[in-house]
Amino acid sequence: MNDLILDIRDLSVEYGYGSDPVKVLRGVDLTLERGQVLGLAGESGCGKSTLAYAATRLLPPPGLITGGEVLVTGKDGQTRDLLRMNDEELRRGRWTDTAIVFQGAMNSLNPVYRVERQLTDAIKAHAPHMDARARHDRAAELLDMVGISADRLRSYPHQLSGGMRQRVMIAMALALEPQLLIMDEPTTALDVVMQRQIVEQISELRERLGFSVIFITHDVSLLIEIADRIAIMYAGEIVEEGPAQDLYRRPRHPYTRGLLSSFPPLHGPKRALGGIPGSPPDLAAPSAGCPFRPRCPFALDECATIHPTLRPTAVPADADARRVACLLHDRDVVPPELALTPTTSGTSEELHA
């Protein structure tokens, strides 16, 4: 059976119709292996949720997928292009092969239906052989799996706390034991204590059930605790990808470095927060060269005309595990040993790796 659960190739998305659409995803490539957690991070508006909805064929108008492939390996071991499935094939694969936990659980749960009905709807549609009693037992089992008492099956969403609603959404997504679970900022509206509980629960369920996860968030620090690999998005593109700990300790792209310096460290000495000056680019009027150049403290003259592509770095220690869209790591521009490394001062410095 293929160990690659998801393979996104050259995915492109536009918003708007006519002769002047806005290109919001530009040739995104991303892979996810069986049992792996891939963190997807970046500022608001960088395209994280658009990528998730495009990859699952849930992108609402005026969004339009203009190119690419989304190859998903199902439980039968067959790999299919989700973008080329017909409606019936797409319906069969949802919840069983791929499931999604939407951002904002209160808006995702139907306020006029009890929790049990919402948990059993997908089970009833995809497993018609199960009778009402079996569906009830499965719903109770799902709630217990996410740490909620079975007597909450009779509750309405407004009778649950924010954390409980989010866990109900996770239970619903896992009802048919999918291969791939996409979580779109599942902890954004929760306090830090509940965030910790949700993250620990996802990790425990992943270990027990063996599914793969795409965890979308703007908080890179949260991904360090749960993700195996992290991909950083900026202006509709992946600008850096690599193992979570490597990316955290040795960010190669200046934008990644800026994100990491934007939150306080939980351990070690205090340091000043750096942040990222300026604003993201206007995707309706893209400029030539690197989209991060106006905000980059390391910008080269070539950055004004050359649009960097995502590729392995020239740093020997990275091997093929790291991919970066940045000219700083091009062999023709800087020595291979040059890299951006974290500092304790919060200032931008070029150091040797």
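What you see is a predicted model; the values in this text were computed from it and never measured.

Engineer: Go over the overall build of the protein, please, and point to the residues and values.
Structural biologist: Along the backbone of the protein there are 10 helices and 14 strands. Relative to its length of 353 residues, the protein is compact, with a C-alpha radius of gyration of 21 Å against a globular reference of 20 Å. For the protein, the spread of C-alpha atoms along the principal axes amounts to about 65 × 50 × 40 Å. Within the protein, counting contacts between residues at least 6 apart in sequence, those at least 24 apart form 64% of the total. A total of about 16,500 Å² of accessible surface is found on the protein, and carbon and sulfur atoms cover 50% of it. Mean positive and mean negative side-chain charge positions of the protein (38 and 46 charges, respectively) differ by 5 Å.

Engineer: A description of the pairing of strand β10 (residues 237-243) should follow, citing residues and the corresponding values.
Structural biologist: The buried count for β10 comes to six of seven residues, which makes it a mostly enclosed element. Pairing of strand β9 (residues 229-234) with β10, which is carried by six bridges, proceeds in the antiparallel orientation. Among the inter-strand pairings, Ala-231 is bridged to a residue of β10, identified as Glu-241. Linking β9 to β10, which pair antiparallel, is a turn of two residues; within it Ala-235 sits at a positive phi near 55°. Looking at chain direction, β10 and strand β12 (residues 323-324) are connected through two bridges and run antiparallel. Its bridge partner lying in β12, Glu-240 is registered against Val-324.

Engineer: Explain the packing of helix α6 (residues 162-173) against helix α7 (residues 192-209) to me, using residue names and the numbers behind them.
Structural biologist: Closest axis-to-axis distance for the α6/α7 pair is 11 Å, and the angle between their directions is 20°. What the angle tells us is that α6 and α7 run roughly parallel. For the pair α6 and α7, the sense of crossing is right-handed. Along the contact surface, α6 presents Gly-163, Gln-166, Arg-167 and Ile-170, while α7 presents Met-194, Ile-198, Gln-201, Ile-202 and Leu-205. Per-class residue counts for the contact of α6 with α7 are five nonpolar, three polar and one charged.

Engineer: Summarise helix α5 (residues 132-145); cite the residues concerned and give the values.
Structural biologist: Here α5 is 14 residues long and its end C-alpha atoms lie 20 Å apart, about the 20 Å a rise of 1.5 Å per residue gives. The set of residues buried in α5 consists of Arg-135, Arg-138, Ala-139, Ala-140, Leu-142, Leu-143 and Met-145. As for α5, its buried residues are in contact with α4 (115-126), α6 and α7. Of the residues flanking the end of α5, it is Gly-147, one or two places downstream, whose phi is positive at about 80°.

Engineer: Would you mind going over α4 in detail, with residue names and values included?
Structural biologist: Turning to α4, its buried residues are Val-115, Glu-116, Gln-118, Leu-119, Thr-120, Ala-122 and Ile-123. If you follow the buried residues of α4, they end up packed against α5 and α6.

Engineer: Describe the side chain of Arg-322, and please don't skip the residues or the numbers.
Structural biologist: Mapped onto the elements of the fold, Arg-322 is located in the loop between β11 (311-312) and β12. For Arg-322, a relative accessible area of 1% gives the class buried. Separated by 2.5 Å, the side chains of Arg-322 and Glu-240 make a polar contact. Side-chain polar atoms of Arg-322 contact the backbone oxygen of Asp-246, separated by 3.5 Å.

Engineer: Would you mind going over the environment of Gly-42 in detail, with residue names and values included?
Structural biologist: With respect to the element layout, Gly-42 can be found in the loop between β3 (37-41) and α1 (48-55). Accessibility expressed as a relative area gives 0% for Gly-42, which makes it buried. Along the backbone, Gly-42 and Val-22 are 20 residues apart, and their C-alpha atoms lie at a distance of 19 Å. When sequence neighbours within four positions are dropped, the list of residues in contact with Gly-42 reads Lys-48, Thr-217, His-218, Met-233, Tyr-255 and Leu-259.

Engineer: How would you explain the sheet that holds strand β2 (residues 22-33) if you had to name every residue and give the values?
Structural biologist: Taking strand neighbours across the sheet as the criterion, the four strands line up as β2-β1-β4-β5 in an open arrangement whose pairing is antiparallel. The two strands at the open ends of the sheet, each matched to only one other strand, are β2 and β5 (79-81). The sheet shows a mean angle of 5° between the axes of neighbouring strands, direction not considered. Bridge analysis of strand β1 (residues 4-15) against β2 gives eight bridges, and the strand direction is antiparallel. Among the inter-strand pairings, Glu-14 is bridged to a residue of β2, identified as Lys-23. Running at roughly 110° to β1, α1 makes contact with β1, β2 and β4 (63-73) of the sheet.

Engineer: Lay out the packing of aromatic side chains with the relevant residues and their values.
Structural biologist: Both the distance between ring centres and the angle between the ring planes are used here to describe each pair of aromatic rings. Applying the stated criterion across every chain yields a total of four aromatic pairs. Judged by centre distance (5.4 Å) and plane angle (65°), the rings of Tyr-255 and Phe-292 are edge-to-face. Taken together, the positions of Tyr-255 in helix α10 (residues 254-260) and Phe-292 in the loop between α10 and β11 put the pair 37 residues apart, joining distant regions of the chain. The exposure class of Phe-292 is buried, given its relative accessible area of 2%. A connected cluster of aromatic rings, assembled from ring pairs, spans Tyr-234, Tyr-255 and Phe-292. Over the ring of Tyr-113 we find Arg-117; its NZ or CZ atom is 3.7 Å from the centre of that ring.

Conventions we followed
- Residues numbered from 1 in each chain as written.
- Predicted model: local features only at pLDDT ≥ 70, side-chain atom pairs only at ≥ 80, totals over all residues.
- Heavy atoms only, no water.
- Helix = DSSP H or I, 4+ residues; strand = E, 2+ residues; numbered from the N terminus.
- Rg over C-alpha atoms; globule rule 2.2 N^0.38 Å.
- Contact = heavy atoms within 4.5 Å.
- Areas by Shrake-Rupley, 256 points an atom, 1.4 Å probe, with all protein chains shown as cover.
- Lys, Arg positive; Asp, Glu negative; His and termini not counted.
- Charge placed at Lys NZ, Arg CZ, Asp CG, Glu CD.
- Buried < 20%, exposed > 50% of the residue type's maximum accessible area, 1.4 Å probe, protein only.
- Pairing = 2+ DSSP bridges.
- Axes fitted to C-alpha atoms, helices over the stretch in contact; angles between N-to-C directions.
- Parallel < 35°, antiparallel > 145°, perpendicular 65-115°, else oblique.
- Left-handed = near helix turned anticlockwise from the far one by under 90°.
- Nonpolar A, V, L, I, M, F, W, Y, C, P; charged D, E, K, R; others polar.
- Expected span 1.5 Å × (residues − 1).
- Polar contact = N/O pair within 3.5 Å; in protein donor to acceptor, adjacent residues only side chain to side chain.
- Phe/Tyr/Trp six-rings, centres within 6.5 Å; stacked < 30°, edge-to-face > 60°.
- Lys NZ or Arg CZ within 6 Å of the ring centre and 35° of its normal.

Purely geometric numbers; function is a separate question.
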